[in-house]
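Residue strings, one per chain:
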Amino acid sequence: DEAERAIRDALERRIEKSLRAGFDEMVESYYVSQQWRITEGMEKKLKAALYDSVSLGVNVSLDLLEQVGISFDYTMVLDEALEWARNYSYELIGGIEATGKEIVSRAVARFIETGKPLEELAGELASIYSGPRAAMIASTETTRAFYEGQVASFRGSGVIKKMEWRTARDERVC
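Residues numbered from 1 in each chain as written. Predicted model: local features only at pLDDT ≥ 70, side-chain atom pairs only at ≥ 80, totals over all residues. Heavy atoms only, no water.

## Thoughts on the overall build of the protein chain
Assigned secondary structure in the protein chain consists of six helices and zero strands. For the protein chain, the succession of helices and strands along the chain, N to C, is α-α-α-α-α-α. Looking at the protein chain as a whole, 22% of its 174 residues qualify as buried. Taking contacts inside the protein chain between residues at least 6 apart in sequence as the whole, the part at least 24 apart equals 56%. Taken as a whole, the protein chain presents about 12,800 Å² of accessible surface, with 55% of it coming from carbon and sulfur. (Helix = DSSP H or I, 4+ residues; strand = E, 2+ residues; numbered from the N terminus. Buried < 20%, exposed > 50% of the residue type's maximum accessible area, 1.4 Å probe, protein only. Contact = heavy atoms within 4.5 Å. Areas by Shrake-Rupley, 256 points an atom, 1.4 Å probe, with all protein chains shown as cover.)

## With respect to helix α5 (residues 118-125)
All of the buried residues along α5 are Leu121, Ala122 and Leu125. For α5, the angular spread of the buried residues around the axis is 100°, confining them to a single face. (Arc of directions from axis to C-beta.)

## Thoughts on the nonpolar core
Grouped together as the largest cluster of nonpolar side chains are 19 residues, with contacts concentrated most on Val104, Val108, Ile112, Leu121, Leu125, Tyr129 and Ala145. Where this core is concerned, the elements lending two or more residues are α3 (74-87), α4 (98-114), α5 and α6 (131-157). Tallying contributions element by element places α4 first for this core, with six residues. (Core = buried A, V, L, I, M, F, W, Y, C linked by side-chain atoms within 4.5 Å.)

## Things to note about the pattern of salt bridges
Following the criterion strictly, the structure yields four salt bridges and no others. Put simply, lysine 116 and glutamate 120 hold a salt bridge, and the shortest N to O gap is 4.0 Å. Residue class for glutamate 120 comes out partly exposed when judged on its relative accessible area of 43%. Two residues, glutamate 164 and arginine 166, come together in a salt bridge whose shortest N-O distance is 3.1 Å. (Salt bridge = Lys/Arg side-chain N within 4 Å of Asp/Glu carboxyl O.)

## Observations regarding a nonpolar patch on the surface
Judged by side-chain polarity, Tyr147, Val159, Ile160, Met163 and Trp165 come together as a nonpolar surface patch covering roughly 560 Å² of accessible area. Take tyrosine 147: it is sitting in helix α6. Classification of tyrosine 147 as partly exposed rests on a relative accessible area of 35%. (Patch = residues over 30% accessible without salt bridge, like charges linked within 9 Å, V, L, I, M, F, W, Y side chains within 5 Å.)

## Here's the deal with the environment of glutamate 124
By secondary structure assignment, the location of glutamate 124 is in helix α5. For glutamate 124, a relative accessible area of 31% gives the class partly exposed. Between the C-alpha atoms of glutamate 124 and isoleucine 103, which are 21 residues apart in sequence, the distance is 9.5 Å. Sequence-distant contacts of glutamate 124, that is, excluding residues within four places in its chain, are made with Ala107 and Arg110.

## What to know about unusual backbone geometry
In this model, arginine 169 sits at a positive phi of 55°, which is unusual for a non-glycine residue. Relative to the elements of secondary structure, arginine 169 occurs in the segment after α6. A relative accessible area of 75% places arginine 169 in the exposed class.

Right, dumping it as structure tokens:
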């Protein structure tokens, strides 16, 4: 389809431009200091290019699957995550009363519904928790809601029979 081709071409040009900018900055910093270092701006550009690349790959794959009669409903996982966030009791957040749990529940559900940045959720939670704790709660609870939504979707599909948890076993794993 001509419209899809135009979108793909535009995304490819944007990805190429981001990668070139990030690479140029990396090469520039190498010649200046004789060692590779990733600056904050370069990291942003490379992350954006990687995200666009992955999104393009996923969309192309989904288009190809759809051509052979296999489709995927993105909203299914979001709906399940939203349902889980609304019903979860947030008992793992220590030291908060029922009112605090209700505030977190509503805030996480709103975050899932609106798709706003995680920083906005953390900012909303910072009205009742310290900044670092609000950021930790925002990250942990949204990750958990999406994970639980994904599990519920997998189970509900009738296709997935078994799941296996894998980890990098690095310093970020608790």
